[in-house]
Amino acid sequence: MADAERVALFRHRFDGLFPGFYEPRGRDEQKYDAQILRALKGFGEIRSKYTIASNAFDQAFRTGSTRFRTFFPDYQLNMPVYLVHSLGEMDGGTRRLNGRTAMVFGADVIARIHDEATIGPFLDHELFHGYHANYFLDCDALWCSLWTEGLATYVASRLNQAASDKQLLLNEPVPLRAAVEPRIAEAMCLLRGKFGSTSREDQAAFFAGQPTDGPFPPRFGYFLGYQLTAKIGATMTLEQMAKLPPAKVKPLLEKAIAEYGPCPKPAAG
């Protein structure tokens, strides 16, 4: 098939299988089609690992869900779950598609970055998002993502006491602790300035996996959120934190950020 015809057929067939996911969703149409074409042409290289990850997922998800309920007994799965080729978009997460929320796992990214050591904490992280969505509603500012992603990472660390940064996905795409911790006051200062932003670009600068023009590596917002939720978690249970509404979360985050002190003064010269 010609490339354009192949991409068009993919979009037609796969949108029928999972309406709303295989669309640009605010991205540039031509760039999205190019992303599909790269995934189609590159599939042969990942087929073996992809197949293993896909075949193992159902049992891993069932086992993870059963274990998760031992920590959060009132957990109920109240959204559909899809295992897909995500075209490199994600290993897992929730997406609002055509007016409904779905939990989506990308077998392609799981095959690339996960192994037996990381799959358990990863599933804890994503299952917590599903649980947390019942209580933390209608919040679109950057600090809302800071809380949801930071808390999911913190929960995974608490449910897996010896988990490494690699298992908590704090080494993707580079070791975030090494890159951010020595400059934590500067990073928190940057966060203060963007705290209430609802801009897609600002969200991407903190949480997307693609390179940005900022001074910190991609996904550094996960590390900041993890540090802040750990501070807050020193005086609260996981269940209490999970059920906090946005109005109570915001001042807690602001107080935790303030503990890192004022913004560093620019270097002279």
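Structural notes, computed from the coordinates.

1. Quick look at the overall build of the chain
And step 1. The number of helices and strands found in the chain is 11 helices and 3 strands.
And step 2. Counted from the first residue to the last, the chain has its helices and strands arranged as α-α-β-β-β-α-α-α-α-α-α-α-α-α.
And step 3. In terms of overall dimensions, the chain is globule-like: its C-alpha atoms have a radius of gyration of 19 Å, near the 18 Å expected for 269 residues.
And step 4. Along the first, second and third principal axes, the C-alpha set of the chain runs to 60 × 55 × 35 Å.
And step 5. The 269 residues of the chain split such that 46% are buried.
And step 6. A separation threshold of at least 6 residues defines the contact pool for the chain, and within that pool the share at least 24 residues apart is 67%.
And step 7. Approximately 13,900 Å² of the chain is accessible, and the part contributed by carbon and sulfur atoms is 54%.
And step 8. Averaging the coordinates of the 31 positive side-chain charges in the chain and doing the same for the 30 negative ones gives two points 2 Å apart.

2. Description of the packing of aromatic side chains
And step 1. Inspection of the entire model under this criterion finds 25 aromatic pairs.
And step 2. When the ring of Phe216 is compared with that of Phe220, the centres are 5.1 Å apart and the planes differ by 20 degrees; the resulting orientation is stacked. Of the two residues, Phe216 and Phe220, both sit in the buried class.
And step 3. Linked through ring pairs, Phe10, Phe14, Phe18, Phe21, Tyr22 and Tyr82 together constitute an aromatic cluster.
And step 4. Positioned over the ring face of Tyr260 is Lys231, at 5.1 Å from the centre of the ring.

3. Thoughts on the packing of helix 5 (residues 142–159) against helix 8 (residues 200–207)
Packed helices, taken two at a time, are described by their axes: the angle between them and the distance between them.
And step 1. For the pair helix 5 and helix 8, the least separation of the axes is 10 Å and the interaxial angle reads 30 degrees. Classed by the angle they form, the pair helix 5 and helix 8 counts as roughly parallel. Two packed elements cross with a definite hand, and for helix 5 against helix 8 that hand is right-handed. In this structure, helix 5 uses Leu142, Ser145, Leu146 and Glu149 to contact helix 8, whose residues at the interface are Asp202, Gln203, Phe206 and Phe207.
And step 2. Split into classes, the residues belonging to the contact of helix 5 with helix 8 amount to 4 nonpolar, 2 polar and 2 charged.

4. Remarks on helix 1 (residues 3–17)
Working note: α-helix, 3.6 residues per turn, so residues spaced by three or four point in the same direction.
And step 1. A rise of 1.5 Å per residue sets the reference length of helix 1, with its 15 residues, at 21 Å; its end C-alpha atoms lie 21 Å apart and thus fit the reference within 8%.
And step 2. In the core, the buried residues of helix 1 are packed alongside helix 2 (29–71).

5. Side note on the pairing of strand 1 (residues 81–84)
And step 1. By the alternation rule, side chains of strand 1 split into Tyr82 and Val84, which are all buried, and Val81 and Leu83, of which none is buried.
And step 2. Bridge analysis of strand 1 against strand 3 (residues 100–106) gives 4 bridges, and the strand direction is parallel. Across the sheet, Leu83 pairs through a bridge with Phe105, a residue of strand 3.

6. Considerations on the sheet that holds strand 1
And step 1. The 3 strands are arranged 1-3-2 in an open sheet whose pairing can be described as mixed. Edge strands, defined here as strands with exactly one partner in the open sheet, are strand 1 and strand 2 (92–97). Ignoring which end each strand starts from, the neighbouring axes of this sheet average 35 degrees apart.
And step 2. Pairing geometry for strand 2 and strand 3, over 6 bridges, is antiparallel. Across the sheet, Gly92 pairs through a bridge with Phe105, a residue of strand 3.
And step 3. Against the sheet, helix 2 makes contact with strand 1 and strand 3, and its axis sits at roughly 165 degrees relative to strand 1, the strand it touches most.
And step 4. Sitting on the sheet, helix 4 (residues 119–132) touches strand 2 and strand 3, and the angle it makes with strand 3 is about 175 degrees.

7. Overview of the pattern of salt bridges
And step 1. Counting across every chain of the model gives 17 salt bridges.
And step 2. Between Arg177 and Glu181 there is a salt bridge; the shortest N-O distance is 3.5 Å.
And step 3. Arg177 gets classed as partly exposed once you look at its relative accessible area, which sits at 26%.
And step 4. For Glu239, the salt bridge is made with Lys243, and the minimal N-O distance between the two is 3.0 Å.
And step 5. Exposure remark for Glu239: the relative accessible area of 43% places this residue in the partly exposed category.
And step 6. Members of the salt-bridge network, linked through shared partners, are Arg25, Arg27, Glu89 and Arg95.

Reading the values: the criteria
Residues numbered from 1 in each chain as written. Predicted model: local features only at pLDDT ≥ 70, side-chain atom pairs only at ≥ 80, totals over all residues. Heavy atoms only, no water. Helix = DSSP H or I, 4+ residues; strand = E, 2+ residues; numbered from the N terminus. Rg over C-alpha atoms; globule rule 2.2 N^0.38 Å. Buried < 20%, exposed > 50% of the residue type's maximum accessible area, 1.4 Å probe, protein only. Contact = heavy atoms within 4.5 Å. Areas by Shrake-Rupley, 256 points an atom, 1.4 Å probe, with all protein chains shown as cover. Lys, Arg positive; Asp, Glu negative; His and termini not counted. Charge placed at Lys NZ, Arg CZ, Asp CG, Glu CD. Phe/Tyr/Trp six-rings, centres within 6.5 Å; stacked < 30°, edge-to-face > 60°. Lys NZ or Arg CZ within 6 Å of the ring centre and 35° of its normal. Axes fitted to C-alpha atoms, helices over the stretch in contact; angles between N-to-C directions. Parallel < 35°, antiparallel > 145°, perpendicular 65-115°, else oblique. Left-handed = near helix turned anticlockwise from the far one by under 90°. Nonpolar A, V, L, I, M, F, W, Y, C, P; charged D, E, K, R; others polar. Expected span 1.5 Å × (residues − 1). Pairing = 2+ DSSP bridges. Salt bridge = Lys/Arg side-chain N within 4 Å of Asp/Glu carboxyl O.

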